[in-house]
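# A closer look at the structure
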Amino acid sequence: MEIYFYNTLTRKKGKFEPINEKEVKIYSCGPTVYKDATIGNMRTNIFQDVLRRVLKYNGYKIKHTMNITDVGHLVSDGDKGEDKMLKSAREEQKTPLQIAEHYTKLFFEDLKDLNIETPEIVCKATEHIQEMLEYVEKLIENGYAYETSTAIYFDVSKLDKYPILSNLDVENQKAGARVDIDTEKRNPYDFALWIKAPENHLMKWDSPWGPSYPGWHIECSAMGQKYLGEQFDIHTGGIDLIPTHHENEIAQSKGKCGKVPANFWMHGEYLLINGGKMSKSLGNVYLLKDIKERGYDPLTYKLFSYSCHYKNKLNFTWEGIEASAKSLERLRNSYQLNISGNDNLTAENKQVLVQIEENFHKAINDDLNMPLAMSFVWEVAKFDKKNPDIAKLLLKFDSVLGLKIDYISSDNKNINIPQEVLDLVEQRKLARESKDWAKSDELRDLISEMGYSVKDTKSGVEICKNFSC
Ligand code: AMP
Ligand code: ZN
């Protein structure tokens, strides 16, 4: 089935065809590990996870690279201000390395809680200094970069066109309006590739220009090229990265090898809190930890994010989370009821299910339309017959949703199961060990009649109450 994605580069939806027929290469800008990731950051990671999962649903292998920025990202997102890592280190009285290790660990814990797949390649900026240096040297050699007393700058006037990804009004740019006046810069939009370190600067490396450190944009260009080549299929990130970081990544790649590094540029929109920005001063910066502390399964937030297309703003409210928690429970209940259900499916029922699956597939292939895809998930979850084939279909959908719909909550594990049920479960276990499947099914039905469901997992048999799991 054809896949269409919105491409920020062409400003329209286009048919997706990977460079290599079987494997899709994706680069995602990863976190700057100087503070806790918010649920806003996590929205962007969920969007990237859905992208991977949808491509896999379509049979592709994935080679996904995500960087960890642990140096060079300045407070301004441009060339001004302190390095975010150093600022945190100073404020928390730790070394930059301690800061990086701490927040990287927390970031991956959040990904795990959200059942977000880890990219095949995760790379740290500080471990790729040599590749970045070589990239900058090549840009100088090609005539795209120049040295000043403070940095090596990229000369945007050397490009045939700048910007190409965003709507920056370079022509009418008044120096000082957005970019501080730097008399040594040739053009207001020139940006730093490599920054000369002041005396006492904590993170610096030897270079042909003295002790210095990389600019944020060169990190992704160098690592993207190292792991995915000069051109790959998809580059992703949050919408805020379009006008500076991604625009400049493209500029660097064109300067180095004359190519735009990715064919598709996909950007996730922002999460709003009660209709506004998330900000420390408003006291509304929420972390995944806050959702867990209120007793919600973190996957509730993932399901909540499917209520909105990734290209639209999503408004976070606790009411929305509460509603999603109920929906997640209903979805998991439906899975359990179907797994132990024994209604016959007529030919007509089967045809309806095939059609729903096709609709789901079309929705996800249409620029990851998750709100529409969810409507088809619910058609299956609410199907008026209960049968293991329906559970299988839900599980197939869950390969995209990543909601662990076959998960049985610990509340259910703690239920007081009557001894008769436990005896039947034990007999069923023996029947299965002797491969007496008919007997095993008969016992499953008996257990179901007594109001319980059994599920065979890698760690053994799980039991839960019908209608409650
Ligand atoms: P930051 O930690 O602010 O540099 O953000 C890291 C990434 O998370 C950025 O590229 C943003 O695109 C993304 N991000 C930050 N805040 C939000 C938000 N409220 N909603 C969605 N994505 C966000
Ligand atoms: Zn990046």
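The structure we're discussing is the one just above.
A few words on the site of ligand 1. Taken together, K35, G40, N41, T44, K84, G238, D240, L241, E269, Y270, L271 and M278 form the complete shell of residues around ligand 1. With respect to ligand 1, the backbone of G40 contributes an N or O atom lying 3.0 Å from a nitrogen atom. Between ligand 1 and N41, the relevant distance is 2.8 Å, taken from an oxygen atom to a side-chain nitrogen or oxygen of the residue. When ligand 1 sits alone it has 480 Å² of accessible area, and the protein chains cover 84% of it.

Attention now moves to the nonpolar core. In this structure, F5, L55, I234, Y301 and F316 are the most contacted members of the largest nonpolar core, which totals 72 residues. Looking at which element gives the most residues to this core, the answer is helix α1 (residues 39-57), with nine residues. By size, the runner-up hydrophobic cluster in this structure holds 58 residues, among which are L74, M85, Y189 and V260.

The next thing to look at is the packing of α1 against helix α12 (residues 388-401). The N-to-C vectors of α1 and α12 enclose an angle of 135 degrees; their axes lie 7 Å apart at closest approach. On the basis of their axis angle, the class for α1 and α12 is oblique. Across the interface between the two elements, R53, V54 and Y57 of α1 pack against K396, F397, D398, S399 and V400 of α12.

Our next topic: the coordination of the zinc ion (ligand 2). For the zinc ion (ligand 2), the protein coordination sphere consists of C29 (SG), C220 (SG) and H245 (NE2), at 2.0 to 2.1 Å. Mapped onto the sequence, the residues coordinating the zinc ion (ligand 2) show the spacing C-x190-C-x24-H. Taken together, the residues C29 in the loop between β3 (23-28) and α1 and H245 in helix α6 (residues 242-257) connect sequence positions 216 residues apart. With relative accessibility at 12%, the residue C29 sits in the buried group.

The rules we used
- Position numbers for residues start from 1 in each chain and track the written sequence from start to end.
- Each chain gets a letter, beginning with A, and each ligand a number, beginning with 1, in the order they are written.
- Only residues with pLDDT of 70 or above have their local features reported here, since the model is predicted, and side-chain atom pairs are shown and tallied only from 80 upward, although totals for entire chains, interfaces and linings are computed over all residues.
- In computing side-chain properties, one takes all heavy atoms of the structure into account and sets aside hydrogens as well as water.
- To be near a molecule or strand, a residue needs just one of its heavy atoms within 4 Å of it.
- We call two N or O atoms a polar contact when they sit within 3.5 Å, provided that within protein one can donate a hydrogen and the other can accept it, with sequence-adjacent residues counted only if both atoms are side-chain atoms.
- Working definition of accessibility: Shrake-Rupley area with a 1.4 Å probe, residue cover restricted to the visible protein chains.
- What makes a nonpolar core is a set of buried Ala, Val, Leu, Ile, Met, Phe, Trp, Tyr and Cys residues whose side-chain atoms join them at distances within 4.5 Å.
- When accessible area is computed with a 1.4 Å probe and restricted to protein chains, residues below 20% of their type maximum are described as buried, those above 50% as exposed, and intermediate ones as partly exposed.
- Elements are defined by DSSP. Helices are runs of H or I of four residues or more, strands are runs of E of two residues or more, and each kind is numbered from the N terminus.
- A fitted line through C-alpha atoms represents every axis, and for helices the fit uses only the stretch in contact; the resulting angles, taken between N-to-C directions, go from 0 to 180 degrees.
- Oblique is the label for every angle not falling under 35 degrees (roughly parallel), over 145 degrees (roughly antiparallel), or within 65 to 115 degrees (roughly perpendicular).
- Here, two residues are considered to be in contact whenever any of their heavy atoms come within 4.5 Å of each other.
- Only nitrogen, oxygen and sulfur atoms qualify as donors, provided they sit within 2.8 Å of the metal or within 3.2 Å for Na, K and Ca; with water excluded from the atoms, sites may seem incomplete.

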